[in-house]
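# Coordinate analysis (summary)
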Amino acid sequence: KVNFIKKVSELSYENYEKYNILPSITVGQAILESSWGESNLTKNSNNIFGIKASTDWNGKVIKVSTLENYDDKIVDTFRKYDSIKDSVNDYGKFLNENKRYEESGLFKAKHYTTQAQALEDAGYATKKNEKGELIYADILIDLIKKYNLQLLDRKVQTN
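Here we summarise the structure given alongside this text. (Residues numbered from 1 in each chain as written. Predicted model: local features only at pLDDT ≥ 70, side-chain atom pairs only at ≥ 80, totals over all residues. Heavy atoms only, no water.)

### So, the packing of aromatic side chains
Condition: By convention, a stacked pair of Phe, Tyr or Trp rings (six-membered ring in the case of Trp) has centres within 6.5 Å and planes under 30 degrees apart, an edge-to-face pair has planes over 60 apart, and any other such pair is tilted. Helix and strand assignments follow DSSP, with helices taken as H or I runs no shorter than four residues and strands as E runs no shorter than two, numbered in order from the N terminus. Exposure categories follow from relative accessible area, calculated using a 1.4 Å probe and restricted to protein chains: below 20% of the type maximum is buried, above 50% is exposed, and the middle band is partly exposed. Two conditions define a charge sitting above a ring: the NZ of Lys or the CZ of Arg must be within 6 Å of the ring centre, and it must be within 35 degrees of the ring normal.
The final tally for this structure, using the stated rule, is 7 aromatic pairs. Look at Trp36 and Tyr147: their rings are 5.0 Å apart centre to centre, the planes differ by 80°, and that puts the pair in the edge-to-face class. One end of the pair, Trp36, is in the loop between α2 (23–34) and α3 (40–45); the other, Tyr147, is in the loop between α7 (136–146) and α8 (151–157), and 111 residues separate them in sequence. For Tyr147, a relative accessible area of 27% corresponds to the partly exposed category. The rings of Phe94, Tyr101, Tyr124 and Tyr136 are connected pair by pair, giving a single aromatic cluster. Note that Lys155 overlies the ring of Tyr13, its terminal NZ or CZ placed 4.3 Å from the centroid.

In structure tokens:
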């Protein structure tokens, strides 16, 4: 786990400089979406953020069985990368190019809790609890707190 955090956090600083996504959010989402880099999707495609391949994606793809919403299992097409670095770079670009993230306030938010909520509000993930309530931001925030990932943000916020 420490190695995964170190690897992704090193890449997250450049991502922050380019796209204003806090390192805690980048690392937290990578952990959450890739199961610490151990998911089948990640092992077979270096896709650590679970980014799907829409029709306008011109890169490599992979088809994978995945869980949607509360417990719906589907097969979907995801982006495939040559490296984890490529995945982190594309993640920032993906968020930046999709206007819904700007409209949700993602790039203006200066705290991991507000960035996490902006991701949920923009529809990054549709994870719901048994009551049908969206819970992605809560899960991401709890994970960031559990592993003190908010400390990664100090490096970029003091510059």
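Read on for the rest.
### Section: the packing of helix α1 (residues 2–19) against α2
Heads up, the rule is: Interaxial angle, 0 to 180 degrees, is taken between N-to-C directions of lines fitted to C-alpha atoms, where a helix line uses only the stretch in contact. We call two directions roughly parallel when the angle between them is under 35 degrees, roughly antiparallel when it is over 145, roughly perpendicular when it lies between 65 and 115, and oblique otherwise. When the near helix sits turned anticlockwise from the far one by under a right angle, the crossing is termed left-handed; a clockwise turn instead gives a right-handed crossing. Pairs of residues are marked as contacts when any of their non-hydrogen atoms sit within 4.5 Å. Residue type decides the class: Asp, Glu, Lys and Arg count as charged, Ala, Val, Leu, Ile, Met, Phe, Trp, Tyr, Cys and Pro as nonpolar, and the leftover types, Gly among them, as polar.
Between α1 and α2, the shortest axis-to-axis distance is 8 Å and the interhelical angle comes to 135°. The angle between α1 and α2 falls in the class oblique. The way α1 lies across α2 gives a crossing that is right-handed. Residues Phe4, Ile5, Val8, Ser9, Ser12, Tyr13, Asn15 and Tyr16 of α1 touch α2, and the partners they reach there are Pro23, Thr26, Val27, Ala30, Ile31 and Ser34. Looking at the contact of α1 with α2, its residues break down into 9 nonpolar, 5 polar and no charged.

### Side note on the pattern of salt bridges
Selection criterion: The rule for a salt bridge is simple: a side-chain nitrogen of Lys or Arg has to be within 4 Å of a carboxyl oxygen of Asp or Glu.
Within the structure shown, the criterion is met by 6 salt bridges. The salt bridge involving Lys93 is made with Glu97; its shortest N-O contact spans 4.0 Å. Within this pair, Lys93 and its partner Glu97 are both found in helix α4 (residues 84–97), separated by 4 residues, close to a single helical turn. Lys93 gets classed as partly exposed once you look at its relative accessible area, which sits at 40%. Judged by its relative accessible area of 54%, Glu97 falls in the exposed class.

### Here we look at α7
Test applied: The directions from the helix axis to the C-beta atoms are what the arc is built from.
Taken together, the buried positions of α7 are occupied by Tyr136, Ala137, Leu140, Ile141, Leu143 and Ile144. Along the axis of α7, the buried residues cluster in a sector spanning 160°; they form a single face. Packing partners of the buried residues in α7 comprise α2 and α6 (112–122). Just downstream of α7, Asn148 is the residue with a positive phi angle, here 50°.

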